[in-house]
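Here is what each chain is made of, one letter per residue.
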Amino acid sequence: MRIGEIAAIVGVTTRTVRHYHHQGLLPEPERLANGYRTYTLRHAVVLARVRRLTELGLGLAEVRDVLADDAGRDLEEVLEELDSDLARQEAELAERRQRLRSLLRTESRPTAEGPVSPELAELFARMAPVAGDSPMAARDREVLALLDSTVPPGGRERLLEAWRDAVEPPDALERAGQAYALLDALADAGPGDPRVAEAARALAACLPPGLLDGGEEGTGTGAGSGDGDGSEGVFLRALYADLAPAQAEAVRLALRLASGDGP
């Protein structure tokens with residue numbers, strides 16, 4: 001095979017092949033008398049392996065280490081592992097397509113934060129009457145949409161179930177609307193504003209207990225550690241930075257109240 005042929009077979013460019021040569025990831029075949037290089041099946045296998053490893057997120061230095069480990073194995077073993085890698089990729093694509101089909105089948109209206117899962121779209125629809133034009137309600141939706149797409153499936157299901165349970169009681173939506181109004185009123189206030197405590201109590205009463213169980217691993221919140229001393233999770237630090245000072249203080253205090261840590 002010529003360089004253009006092996007590149008086409010593996011699905012890369014000839015420039016990529018030459019780059020991998022330069023990086024020492026793909027051995028260069030010797031030139032024949034006519035000046036052309038001829039690539040073998042072994043070259044194609046290695047090239048495909050490099051492509052898969054980089055697609056999985058490995059840096060070139062890490063790929064080089066993996067290939068060094070492959071050096072002592074026979075071709076059949078390497079091909080079997082490559083086949084397993086491709087099977088895992090197919091499974092991941094199938095799962096993503098299944099989720100996309102679920103989104104396309106949902107009867108819920110598309111949301112500004114979407115696309116979101118059908119379960120979250122249902123939760124948004126349930127909370128729509130109290131959300132109105134509240135900036136804090138809109139921020140809540142953005143945060144939930146982010147978690148919906150980034151938290152692992154098991155954690156996402158627990159998170160959504162916790163929020164569904166939280167809005168189930170008859171007065172839950174009314175209390176949520178009151179909490180949003182109190183937080184919105186703090187948009188231009190400082191963290192020492194006396195209204196912070198009232199807003200925090202109102203928000204704490206709305207928070208689902210399940211939100212505090214998984215920490216940063218389960219829900220992406222790290223909710224039980226928001227004491228402001230640097231131990232809070234990365235997610236919470238980013239959230240606080242995006243809020244007005246008084247709102248951030250109210251959320252921080254609400255998480256402490258909801259977790260039983262006191263004011």
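Residues numbered from 1 in each chain as written. Predicted model: local features only at pLDDT ≥ 70, side-chain atom pairs only at ≥ 80, totals over all residues. Heavy atoms only, no water.

**Details of the overall build of the chain**
For step 1, the next point in the chain: Within the chain one finds 13 helices and zero strands.
For step 2, the next point in the chain: Put simply, the chain runs from its N terminus to its C terminus through helices and strands in the order α-α-α-α-α-α-α-α-α-α-α-α-α.
For step 3, the next point in the chain: Across the 263 residues of the chain, 38% fall into the buried class.
For step 4, the next point in the chain: Pairs at least 24 residues apart make up 59% of the contacts formed inside the chain by residues separated by at least 6 positions. (Helix = DSSP H or I, 4+ residues; strand = E, 2+ residues; numbered from the N terminus. Buried < 20%, exposed > 50% of the residue type's maximum accessible area, 1.4 Å probe, protein only. Contact = heavy atoms within 4.5 Å.)

**What to know about the environment of Arg126**
For step 1, the next point in the chain: Within the secondary structure, Arg126 is located in helix α6 (residues 118–131).
For step 2, the next point in the chain: According to the relative accessible area criterion, Arg126 is partly exposed, its value standing at 27%.
For step 3, the next point in the chain: For the pair Arg126 and Arg164, spaced 38 residues apart in sequence, the C-alpha to C-alpha distance is 9.1 Å.
For step 4, the next point in the chain: The contact partners of Arg126, leaving out residues within four places of it in the chain, are Arg164, Val167, Glu168 and Leu173.

**Focus: the environment of Gln89**
For step 1, the next point in the chain: Counting through the fold element by element, Gln89 comes out in helix α5 (residues 75–105).
For step 2, the next point in the chain: When the C-alpha positions of Gln89 and Glu55 are compared, they lie 9.9 Å apart, and in sequence the two are 34 residues distant.
For step 3, the next point in the chain: If near-sequence neighbours (up to four positions away) are discounted, Gln89 is found in contact with Arg52 and Glu55.

**Let's talk about the packing of aromatic side chains**
For step 1, the next point in the chain: One pass over the full model with this rule turns up zero aromatic pairs.
For step 2, the next point in the chain: The ring centre of Tyr36 lies 4.1 Å from the NZ or CZ of Arg2, which sits over that ring.
For step 3, the next point in the chain: Positioned over the ring face of Tyr240 is Arg252, at 4.1 Å from the centre of the ring. (Phe/Tyr/Trp six-rings, centres within 6.5 Å; stacked < 30°, edge-to-face > 60°. Lys NZ or Arg CZ within 6 Å of the ring centre and 35° of its normal.)

**Observations regarding a negative patch on the surface**
For step 1, the next point in the chain: Together, Glu76, Glu80, Asp83 and Glu90 make up a region of like negative charge exposed at the surface.
For step 2, the next point in the chain: With respect to the helices and strands, Glu90 occurs in helix α5. (Patch = residues over 30% accessible without salt bridge, like charges linked within 9 Å, V, L, I, M, F, W, Y side chains within 5 Å. Areas by Shrake-Rupley, 256 points an atom, 1.4 Å probe, with all protein chains shown as cover. Salt bridge = Lys/Arg side-chain N within 4 Å of Asp/Glu carboxyl O. Lys, Arg positive; Asp, Glu negative; His and termini not counted. Charge placed at Lys NZ, Arg CZ, Asp CG, Glu CD.)

**Some words on helix α10 (residues 195–206)**
For step 1, the next point in the chain: Between the first and last C-alpha of α10 there are 17 Å, a value that for 12 residues agrees with the 16 Å anticipated at 1.5 Å per step.
For step 2, the next point in the chain: Among the residues of α10, those classed as buried are Val196, Ala199, Ala200, Ala202, Leu203, Ala204 and Cys206.
For step 3, the next point in the chain: As for α10, its buried residues are in contact with α8 (153–166), α9 (172–184) and α13 (245–258). (Expected span 1.5 Å × (residues − 1).)

**Topic: the pattern of salt bridges**
For step 1, the next point in the chain: Inspection of every chain in the model, using the stated rule, returns nine salt bridges.
For step 2, the next point in the chain: Among the ionic pairs, Arg126 bridges to Glu122, the shortest N-O distance being 3.7 Å. Here Arg126 and its partner Glu122 are both found in helix α6, four residues apart, which amounts to about one turn of the helix.
For step 3, the next point in the chain: Among the ionic pairs, Asp193 bridges to Arg195, the shortest N-O distance being 3.0 Å.
For step 4, the next point in the chain: Given the relative accessible area of 19%, Asp193 is considered buried.

**Notes on the packing of α6 against helix α7 (residues 135–150)**
For step 1, the next point in the chain: At a closest axis distance of 11 Å, the pairing of α6 and α7 adopts a crossing angle of 175°. In terms of orientation, α6 lies roughly antiparallel with respect to α7. Touching Leu120, Leu123, Phe124 and Ala131 of α6 are Ala137, Arg141, Leu144, Ala145 and Asp148, all from α7.
For step 2, the next point in the chain: Per-class residue counts for the contact of α6 with α7 are seven nonpolar, no polar and two charged. (Axes fitted to C-alpha atoms, helices over the stretch in contact; angles between N-to-C directions. Parallel < 35°, antiparallel > 145°, perpendicular 65-115°, else oblique. Nonpolar A, V, L, I, M, F, W, Y, C, P; charged D, E, K, R; others polar.)

**Regarding empty space enclosed by the protein**
For step 1, the next point in the chain: Going through the model one piece at a time under the given rule, you end up with two cavities of 30 Å³ or more.
For step 2, the next point in the chain: By volume, the second largest cavity amounts to about 80 Å³.
For step 3, the next point in the chain: Phe124, Met127, Ala131, Ala137, Asp140, Arg141, Leu144, Trp163 and Tyr180 are the residues that line the second largest cavity.
For step 4, the next point in the chain: For the lining of the second largest cavity, the leading source of residues is α7, giving four residues.
For step 5, the next point in the chain: Grouping the amino acids of the lining of the second largest cavity by side-chain chemistry returns seven nonpolar, no polar and two charged. (1 Å grid on protein atoms, 1.4 Å probe; cavity = no way out; pocket = protein on both sides within 12 Å on 5 of 7 lines; lining within 4 Å. Points joined across faces, edges and corners; volume = space filled by probe spheres on them.)

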